[in-house]
Amino acid sequence: MIKVRQCFVAVWGIFDPIYYACSRLEYIEDPDQNRHIFRVRVTKYKGRDVILSDGTKFQKNDLLLKIHLHNVCLIRELIRFESEIKKGRYIYKQVKNGLPHLATYLRNHEQFAQIKGIVGITALNKGCERLGFETFSIVNPLYQWFKQTAFLPIYWISQFRFDSMRRPPKYLFMSKQQLLRLYGCQPTQ
C-alpha cells in the first residue's frame, strides 16, 4: 500500500506545477531562496462577516492573503511517519517555521496597506490557536462538503486515520497586525 501511495504522490508531483501555474499562487521564500510550506495569493474575501478577537473585521471584498499548504511537499514527508502525533507535530512545526517568512512576504507586498489579514481552510486545525489563528466554521453545508471531499485524497495518501476525516474543515483567520506582532515587525500603517 505504501508503494501505491508513493506512486500517487509522484503523479501529484507531476501535475502540481500545472496547478501552481493556473492558480496564481506564489511561493513564500526566505532570503536564501528556500521555499517554505506556504503558497499564497491575494484574494477578495467572499464569506460572511467575521470579527476577530483583536477587533479586526473581515467583510465581503476585503483583501486577504489566502494561504495554501504545499500539500505534495508536505505529504512526501508525512508518509514517512507512522504516528498521528508525529505527523501533527511535523505539520505544526512546518507552519510555525513558515509564518515569519509569511509575515515578511506580507510586509513587502505591494498591496500591504490594503491587505487586512490572512485566511486559509483546513481540516487540520487542531492547535491553530497556539499559532495565533482563529477558527470559524464553514456555514454553507455544500461548501463544507466540497472542501471535506477535496481533502480526502490528502488524508488517504498521508495515511491519516479516517476518524480524523470526521473533523469538518474550518476557516483559519489571522489579522495583519496579529501576524506581524507574533512573527514579524510592527505595521507602519
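(A) Representation of the sheet that holds strand β5 (residues 63–69) within the structure. Taken in spatial order, the six strands make up an open sheet running β1-β2-β5-β6-β8-β7, and their pairing is mixed. A single partner strand is all that each edge strand has here, and the edge strands are β1 (26–29) and β7 (134–137). This sheet shows a mean twist of 35° between the axes of neighbouring strands, independent of strand direction. Where β7 lies against strand β8 (residues 170–175), four bridges are found, and the strand directions are antiparallel. Paired with threonine 135 across the strands is leucine 172, a residue of β8. Docked against the sheet, helix α5 (residues 176–183) engages β6 (115–122) and β8, running at close to 70° with respect to β8.

(B) Highlighting the packing of aromatic side chains. For the structure on display, the rule yields five aromatic pairs. Considering the side-chain rings of phenylalanine 136 and phenylalanine 173, the 5.6 Å spacing of their centres and the 75° angle between planes classify their relative orientation as edge-to-face. On the criterion of sequence distance, the pair formed by phenylalanine 136 in strand β7 and phenylalanine 173 in strand β8 is long-range, its members being 37 residues apart. Measuring from ring centre to ring centre gives 6.3 Å for tyrosine 143 and phenylalanine 146, while their planes differ by 25°; the resulting arrangement is stacked. Here tyrosine 143 and its partner phenylalanine 146 are both found in helix α4 (residues 141–158), three residues apart, which amounts to about one turn of the helix. Within the aromatic cluster, the residues linked to one another by ring pairs are Tyr45, Phe58, Phe136, Tyr171 and Phe173.

(C) View of α5. What α5 keeps buried is the set Lys176, Gln178, Leu179, Leu180 and Tyr183. Considering only its buried residues, α5 is in contact with α3 (84–108), β6 and β8.

(D) Structural detail: the nonpolar core. Counting residues in each nonpolar core, the largest one holds 30 residues, and the members touching the most others are Phe38, Leu65, Leu99, Leu102, Phe133 and Leu179. Taken together, the elements giving at least two residues each to this core come down to β2 (35–44), β5, α2 (71–78), α3, β6, β8 and α5. Setting aside chain neighbours within four positions, we find leucine 179 in contact with Leu99, Leu102, Ala103, Leu106, Ile118, Met174 and Gly184. Ranked by size, the runner-up nonpolar core spans 13 residues in total, among them Val50, Leu52, Ala123 and Tyr171.

Parameters at a glance
Residues numbered from 1 in each chain as written. Predicted model: local features only at pLDDT ≥ 70, side-chain atom pairs only at ≥ 80, totals over all residues. Heavy atoms only, no water. Pairing = 2+ DSSP bridges. Helix = DSSP H or I, 4+ residues; strand = E, 2+ residues; numbered from the N terminus. Axes fitted to C-alpha atoms, helices over the stretch in contact; angles between N-to-C directions. Contact = heavy atoms within 4.5 Å. Phe/Tyr/Trp six-rings, centres within 6.5 Å; stacked < 30°, edge-to-face > 60°. Buried < 20%, exposed > 50% of the residue type's maximum accessible area, 1.4 Å probe, protein only. Core = buried A, V, L, I, M, F, W, Y, C linked by side-chain atoms within 4.5 Å.

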